[in-house]
Structure formats: structure tokens, C-alpha cells
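A look at the structure
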Number of protein chains: 2
Amino acid sequence: MGDSGRGCDYHGGCRPGRQEGSALNARTHHSQAAPSPGLFQAFDSVRPRLALVERFISDQLDAGPAAVREAGAYVFEGGGKRIRPAILLLVGRMLGYDGDRDVRYGGVVEMIHTATLVHDDIIDHATLRRGRATANNRWGNQLTVLLGDWLYTRSMELALDVGDVDVMRVLSRATIQMIEGEILGLRLKGRSDVSRDEYLEISRRKTAELFAAACSIPALFAPELSRFRAPLDEFGRNLGTCFQIVDDLLDLTASQQRLGKPVFSDLREGTLTLPFILLLPRLERAERAMIEQVMADGTFNGASPEQLRELLDRHDVLAEVRAVAHEYGRRAVGALDALPAAPERDLLAAAPSLLIDRDY
Amino acid sequence: MGDSGRGCDYHGGCRPGRQEGSALNARTHHSQAAPSPGLFQAFDSVRPRLALVERFISDQLDAGPAAVREAGAYVFEGGGKRIRPAILLLVGRMLGYDGDRDVRYGGVVEMIHTATLVHDDIIDHATLRRGRATANNRWGNQLTVLLGDWLYTRSMELALDVGDVDVMRVLSRATIQMIEGEILGLRLKGRSDVSRDEYLEISRRKTAELFAAACSIPALFAPELSRFRAPLDEFGRNLGTCFQIVDDLLDLTASQQRLGKPVFSDLREGTLTLPFILLLPRLERAERAMIEQVMADGTFNGASPEQLRELLDRHDVLAEVRAVAHEYGRRAVGALDALPAAPERDLLAAAPSLLIDRDY
């Protein structure tokens, strides 16, 4: 695909489904918002294989102890756009892969992602995710710690079962990066002097490395595909960073109903995301103190959501943050040049815009 | 080694160091009890290699984020008898192995063991372990969840780094079993009708499988050693069950000072161990209700430690439990018949007695 193809894909403009929503998950029982048309359509070509990924994950849970079956089914039924498996499947098709390891590793990356979510919710004392009670809220920290451990360990076993040592290396490296990203994030909690570089480093580790793994794993399915590994890694890392920036943005701009969790939750947990990192140095001391109070006591006593949004608007910070997301999106799309022209490449080239233009 | 050798090794009688004590850890800063002479001496022949295991673990922590270095060092300095690495090293020597993978996997099994401990302490809301504040008590659940995740994932990577797929299979299988054992244990919490079989199943998964892994891993170091894998697995699984039964016994018989944590903590957390499983059916209804109240409210309001001990004594339950531990010890020693005669085999044959006869 030439630049024109990419240029034409790289605009977006749709209004997709709820954040990490469940449009793709047939077993979902609730739906607080319409499905995400943009992402939904982009994934159309891999939908039958995404259904196999769902089945694969269910089969793993069903083979576990009763508590894993029950709490695991609840967590996976809670939705998620299945972005990581969808992208892995699209990459596999783009490379002409026609085996079934893409389904296995689509399931595995979603299981690893879910393991981090359930442990994160313990860490953040979160009570709501995707509009429902979190696993820790419903089953307690005890089972939730173990459910995460089980998902991590079973994920590694699933690569081991088929002897894919190279895939395991990619997965365990990404997992360590995610955990270390969380650890770094924890250390910065409550600090109002976090730098843009620190934020981007944490976003890379927490999110982008697993995207990079999801994208580059299909290049390990056959020796002749290995030349695509580096550009796929590059694509995924930039797409993942773009995704995380937008995710953090939605925490400020979407409504609680759309978001499925309380607004400004990052800030109230003491975590600065890019908009506030850009905003804080531009504020008067008294305004900074308002934000610091929200971070310190976790309530809106220091400043209401409306006041926070007014400050963000006045300094036009959100547009700047969107521009940063677009820059990562452009880098992602640029990396696709080295990949085979295929309909799936066009879909992958559209992914950054679709991610940026979702509004919850 | 013939039966006579084993018979002579299988008596014990020493009074070893504190439970999961720190006698072997040069970096330990505190010592609430004298070192464990029996175990201490048994491990003498591998002491220089145990020091390498300590170094190996420190090196891993030092390569992690600052929080892992700090909290990890604290947790590992907290002691532990290093039984799993010591046994792995002894088995390696017994088989004539003279490389250094035993040090790596000694470190790895201790890291996996420690990951389960830090997550267990979150699960049990424990505040004290080995006489010191638990990691969750000192750093909060957040970092402690991530420290456990880091240790699990890094452990797998350490096997992956050297391409040991067979060892990874053994380790991930043992880890899944441990996590599932914890999950099963959680489900039985608060239930006063737990059966002996359920207890033994959980003990096998929670503890014995990692012992089995530690013992059988050296048989994977060279193709000609693979014939020893099954008997080593059998030895480890029985030794681990023996160890767990004794560990649970010490929770009832040792003092808080010796134990480094509160007495009867299993019961007060709602977990029935073998002594109470044997005791409960023999009690009057009112006595059973006393025990059930301790389980239900986590205090000694239902029955004091003295009353509980009196009930255990009156029905002579502890001797029966010790006999069960001895039975597993005998099975462990029996499995050694298939292994090469060597001084290390005699030490391994002595291990069950040393574990049973420790008094805290």
C-alpha cells in the first residue's frame, strides 16, 4: 500500500462504541451503549476468527477450578473491544497466515491484558469497570489476586503447550514491561511534577508493549515472515501509545455513563495523565493547588469536574493531547510501509483514526 | 543406598531453627531464634552454592525497578530456610551435575515460592510473617500485588533466557497447581466440614508440587539423567506434603515468638487444617460450636488457645497428624531407592525427619 492508501485511511471520524466495550462478545449480557461502528466494521473481516478467540478463552476458563470459571467468565463477559486479538488476527491475515495459532495467541494476549486489568482494579481499589462491579468488588481481593495469577500463568502455558519459545519470549518480555510500567506508575502516584517523558515511558510499558507483542507475534508463525517482525513491532508500539493517550483523554471528556466508570478517576487516584501534565505548568498557584487537592484527597472538594474541564478548555490542552495521539498514529501508519499490500493493511492503517475518534 | 542407610537416616530428633527461618541467609538482619541445627547441618554440603543462589536472586531484583529492589530485598532478607533451593542443589550433586543451572533454578523456585507468599499475605490480610511486618503491611496491597506478578513473570523468563523449555513446563505446571490450590483453599474457607482428602489435595497443590518441581528439575539437566525424573518427582511430592502437614501443625503448637506470626492463624482465618479435620467429628456439639466460632469471627472469643490445645490433646490428634506426616516422609524416602547412592542421597533421606522434628 502506498502513501495515498494510507492517507485516505488516516482520517477516521466515526463515533465508536463504549470504551473497551463488548460489541464483539456474543456472551455479553448488558450493553449500556450502542456498539462501536467504526471499530466494529474494521474488525468485520476477522469476526469469525474473533468468535473462535472467544471460544478459545472460554475453553481455558472451563478447564480451570470452579471459581476461575465463574469469576473469569464474568470478567471476560464484561466486554472489552478485543482490540489486541483483532489486530493480531488482522496482521496474521495480512501476512497470508492461514493456520490457527492466531486464534490461540489472540486469546493469550487478551488473557494477559485481562490479568493486568483485574490486578489493576485491586491496585486502584476500583469498584466499577465497563459499567459493572469490578471482580474485586464482587469476589473480594483474594480471589481476584488469584484469578490474575491464574490468567498470567495459564497464558504462558498456552504458548508452552505448542513449544513456541520465541512467542513466549515476546509475551514474557511484554508482561514484565507491563508490570514494571504499573510499578513505575505507582511510584509516581500523588506527584504533581510528573514529566511528559515519564508519562510516555509508563504508557509504553503499560500498554504499548502488549500491542507490539500482539502485532509482531504473527511474524513468528513462519520463518519467511520474520522480516516483518521489526516494522510490526514498531506499528504496534506506536498504535498502543496512541491508544493509551486517547484512553486517558476519555477519562476527562466522556460521561460516567459512556465510560462505565467514574470520570476523572485517574486524577482522583493521584495519577497525572498527559492533559494535566501539560496543564499544570500553565496554571496560577491557586489553580494548581485545586488540582493537587483533587489528587490528594480523591474527591472533587478541591475542584469540580466542571472547573477542571474549564481549566483544560481555557488552555486548549485537549487539542494538544489529541495532536500527540495523532503523531503516534502517524508513526504507526508509517511503519506499515514495510508490510505487504493487502486489504488488512488498509484496515490496520485506519486503526489509529478509529481509536482517536472514539468518544468513549 | 539400601534400606539400612535410609532406616538410619530416618529418625531425626534435632531441634531446628524457626519456621521458614533465615539461618541460611547471610543478608538477614534479625534473628529471633537460634539457627536450625538439623537442617543447617544437612545443607552444609551445598552452603557455598546456596550463597550463589542468594546472589542470583539479588542480581535479579537489582535489575528490576527501584520498588522491586527495595520491597524484594526486604521480602527475601526476611529469611526462609531456602529448603526448596537446598533440595534442588542436593539433588543436582547427587546426580553428579556440575554445571550452574542448579543455582539458576534454585533461585527460580525460591522466587516462585516467594511470589506465592506475598500474594498469600494479601489474601490472608496477614500483617506478620517470620516475625516482621508483611510486605502488604509495609508497602500496601498495590505494590505487593505487582511484586508477586513481577516475581512470577521474571521466574519464567529466567528459564526462557536459557531456552529450557522442559524446565519451563515443569515450573509453569507447578505454578498453576499452586494457584489452583490457593483457589480451592479459598473456596473452603469458613467451612467446618472439610475432608481429609480435600485437605491433602490442597496441600499437594499448594506446596508439594513445587517441591516435586524442585526435586525433578535437575533430572532435566542432561538426557542421561531423565530416568531419575519420576522417582525424584515422587520424592519431592511426598516430602512437600510432609512439610505442609508439619507447617500446619506448628501453627497450633509453636508460640507466636517462635513462629514469627500469631498462633492458630489458619483457624482464625477460617481454614481447617488436618488436626481440626480429625478433631471435629470427635467433639460434642457445644465444643464444635466453640471452634466454629473461632473460624467465624477470627478471634479467641469462642475458645482460647489453651482450650483449643486441651481439646486437641484430649483426643490425641497431634500424634495422629504426626503419624500422617511420617507416612509421607516414609514414601518420600522409599522413592530414593531408584536414585544413585551418594552422600547427598543420605541427606535427602534425612530431610523428612528433620522437617517433622523441627519445633517451630
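Residues numbered from 1 in each chain as written. Chains lettered and ligands numbered in written order. Predicted model: local features only at pLDDT ≥ 70, side-chain atom pairs only at ≥ 80, totals over all residues. Heavy atoms only, no water.

**As for the overall build of chain A**
The helix and strand inventory of chain A stands at 17 helices and 2 strands. Put simply, 76% of the contacts in chain A that link residues at least 6 apart link residues at least 24 apart. Counting only carbon and sulfur atoms, one obtains 49% of the accessible surface of chain A, whose full area is about 12800 Å². (Helix = DSSP H or I, 4+ residues; strand = E, 2+ residues; numbered from the N terminus. Contact = heavy atoms within 4.5 Å. Areas by Shrake-Rupley, 256 points an atom, 1.4 Å probe, with all protein chains shown as cover.)

**Considering the packing of helix α4 (residues 66-77) of chain B against helix α7 (residues 135-161) of chain B**
All names here are of chain B. Running from N to C, α4 and α7 cross one another at 105°; their axes reach a closest spacing of 10 Å. One way to sum up the angle between α4 and α7 is to call them roughly perpendicular. Only A135, R138, W139, L143, L147, W150 and L151 of α7 make contact with α4, whose side of the interface consists of A67, V68, E70, A71, G72, Y74, V75 and F76. Here the contact of α4 with α7 is composed, by residue class, of 12 nonpolar, 1 polar and 2 charged. (Axes fitted to C-alpha atoms, helices over the stretch in contact; angles between N-to-C directions. Parallel < 35°, antiparallel > 145°, perpendicular 65-115°, else oblique. Nonpolar A, V, L, I, M, F, W, Y, C, P; charged D, E, K, R; others polar.)

**Some words on the packing of aromatic side chains**
One pass over the structure, following the stated rule, counts 10 aromatic pairs over all chains. Here the aromatic rings of Y97 of chain B and F221 of chain B are separated by 4.5 Å at their centres, their planes lie at 45°, and the arrangement is tilted. Pair noted here: Y97 of chain B is in the loop between α5 (83-94) and α6 (101-123) and F221 of chain B is in the loop between α9 (196-216) and α10 (229-253), with a separation of 124 residues, a long-range link. Of the residues examined, F221 of chain B reaches a relative accessible area of 8% and is grouped as buried. Through a chain of ring-to-ring contacts, the aromatic side chains of Y97, Y105 and F221 of chain A assemble into a single cluster. Positioned above the aromatic ring of Y74 of chain B is the side chain of R132 of chain B, whose terminal nitrogen or guanidinium carbon lies 3.8 Å from the ring centre. The residue whose ring lies beneath R331 of chain B is Y328 of chain B, and the NZ or CZ to ring-centre distance is 4.6 Å. (Phe/Tyr/Trp six-rings, centres within 6.5 Å; stacked < 30°, edge-to-face > 60°. Buried < 20%, exposed > 50% of the residue type's maximum accessible area, 1.4 Å probe, protein only. Lys NZ or Arg CZ within 6 Å of the ring centre and 35° of its normal.)

**Some details on the environment of A296 of chain A**
For A296 of chain A, the location among the structural elements is in helix α14 (residues 285-297). Spatially, the C-alpha atom of A296 of chain A lies 9.1 Å from that of L267 of chain A, the residues being 29 residues apart in sequence.

**Details of the interface of chain B and chain A**
A common way to report how large an interface is uses the accessible area buried once the components associate. Each partner contributes residues to the interface: chain B has 38 residues there, and chain A has 38 residues. Between chain B and chain A the total buried area reaches about 3400 Å² when both faces are included, carbon and sulfur atoms providing 73% of it. Looking only at chain B, the three residues that lose the most surface to chain A are L146, L160 and I183 of chain B, adding up to 17% of its buried area. Along the contact surface separating chain B from chain A lie 2 salt bridges. Ionic pairing is found between E70 of chain B and R187 of chain A, a salt bridge with its closest N-O pair at 3.2 Å. Counting across the interface, chain B meets chain A through 8 residue pairs in polar contact (both at pLDDT 80 or more). Of all the secondary-structure elements, those providing two or more residues to the side of chain B that touches chain A are α4, α6, α7 and α8 (165-188) of chain B. Ranked by residue count, the leading element in the side of chain B that touches chain A is α8 of chain B, at 14 residues. Among the residues forming the side of chain B that touches chain A, the class breakdown is 19 nonpolar, 9 polar and 10 charged. (Buried area = accessible area lost by both parts, 1.4 Å probe. Salt bridge = Lys/Arg side-chain N within 4 Å of Asp/Glu carboxyl O. Polar contact = N/O pair within 3.5 Å; in protein donor to acceptor, adjacent residues only side chain to side chain.)

**What about the pattern of salt bridges?**
Pairs can form between side chains of opposite charge whenever their charged atoms are close. All names here are of chain B. All told, the structure shown has 48 salt bridges over all chains when counted by the stated rule. A salt bridge links R47 to D44, with the nearest nitrogen and oxygen atoms 2.8 Å apart. Since its relative accessible area comes to 23%, R47 is described here as partly exposed. Given the relative accessible area of 40%, D44 is considered partly exposed.

**Regarding the environment of L308 of chain B**
Residues and elements named next belong to chain B. Residue placement: L308 occurs in helix α15 (residues 305-314). You can call L308 buried: its relative accessible area is 0%. With residues near it in sequence (within four places) discarded, L308 still touches F264, L267, F276, I291, F300 and A303.

**Considering the relation of the copies chain B and chain A**
Superposition of chain B onto chain A requires a rotation of 180° combined with a translation of 0.0 Å along the rotation axis, giving an RMSD of 0.0 Å. On the angle and the small slide along the axis, the relation comes out as a two-fold axis. Mapped onto chain A, 100% of the interface residues of chain B are again interface residues, and the two copies thus contact each other with one and the same surface. (Least-squares fit on C-alpha atoms with pLDDT ≥ 70 in both.)

**As for α9 of chain B**
At A208 of chain B, α9 of chain B shows its largest bend, some 45°. Among the 21 residues that make up α9 of chain B, 15 are buried, leaving the element largely enclosed by the rest of the structure. (Bend = angle between axes of the 7 residues up to and from the residue.)

**Thoughts on helix α8 (residues 165-188) of chain A**
All names here are of chain A. The end-to-end C-alpha separation of α8 is 34 Å, in line with the 34 Å expected for 24 residues at 1.5 Å each. With 19 of 24 residues buried, α8 lies mostly within the body of the structure. G190 lies just past α8 and shows a positive phi near 85°. (Expected span 1.5 Å × (residues − 1).)

**Quick look at the nonpolar core**
Counting 170 residues, the largest nonpolar core has L171 of chain A together with L171 of chain B as the members making the most contacts within it. Apart from residues no more than four positions distant in its own chain, L171 of chain B is found in contact with Y105, V108, V109, I112, M156, A159 and I217 of chain B. (Core = buried A, V, L, I, M, F, W, Y, C linked by side-chain atoms within 4.5 Å.)

**Remarks on the confidence of the model for chain A**
All names here are of chain A. Here chain A averages 86 in pLDDT, and 86% of its residues register 70 or above. Ranking the elements of chain A by mean pLDDT puts helix α1 (residues 3-9) last, at 31, and helix α9 (residues 196-216) first, at 98. Taken together, the stretch residues 1-35 has pLDDT below 50 and engages in 116 contacts with residues farther than four places along the chain or on a different chain. For this predicted complex, the interface score ipTM comes out at 0.86, while the overall pTM is 0.87. (pLDDT = per-residue confidence, 0-100.)

**Describing the side chain of D121 of chain A**
Take D121 of chain A: it is sitting in helix α6 (residues 101-123). When residues no more than four places from it in sequence are discounted, the contact partners of D121 of chain A are A126, R129, T134 and N136 of chain A.

**Points about unusual backbone geometry**
All names here are of chain A. With a phi close to 60°, R82 is a non-glycine residue in the positive phi region. On the secondary structure map, R82 appears in the loop between α4 (66-77) and α5 (83-94). The class for R82 is buried, based on a relative accessible area of 1%.

**Description of the state of the cysteines**
Disulfide: a covalent bond formed between the sulfur atoms of two cysteine residues. Residue and element names in this part refer to chain A. Under the criterion given, the structure shown has 0 disulfides over all chains. For C242, which is in no disulfide, the shortest distance to another cysteine sulfur is to C215 and amounts to 12 Å. Judged by its relative accessible area of 0%, C242 falls in the buried class. (Disulfide = S-S within 2.5 Å.)

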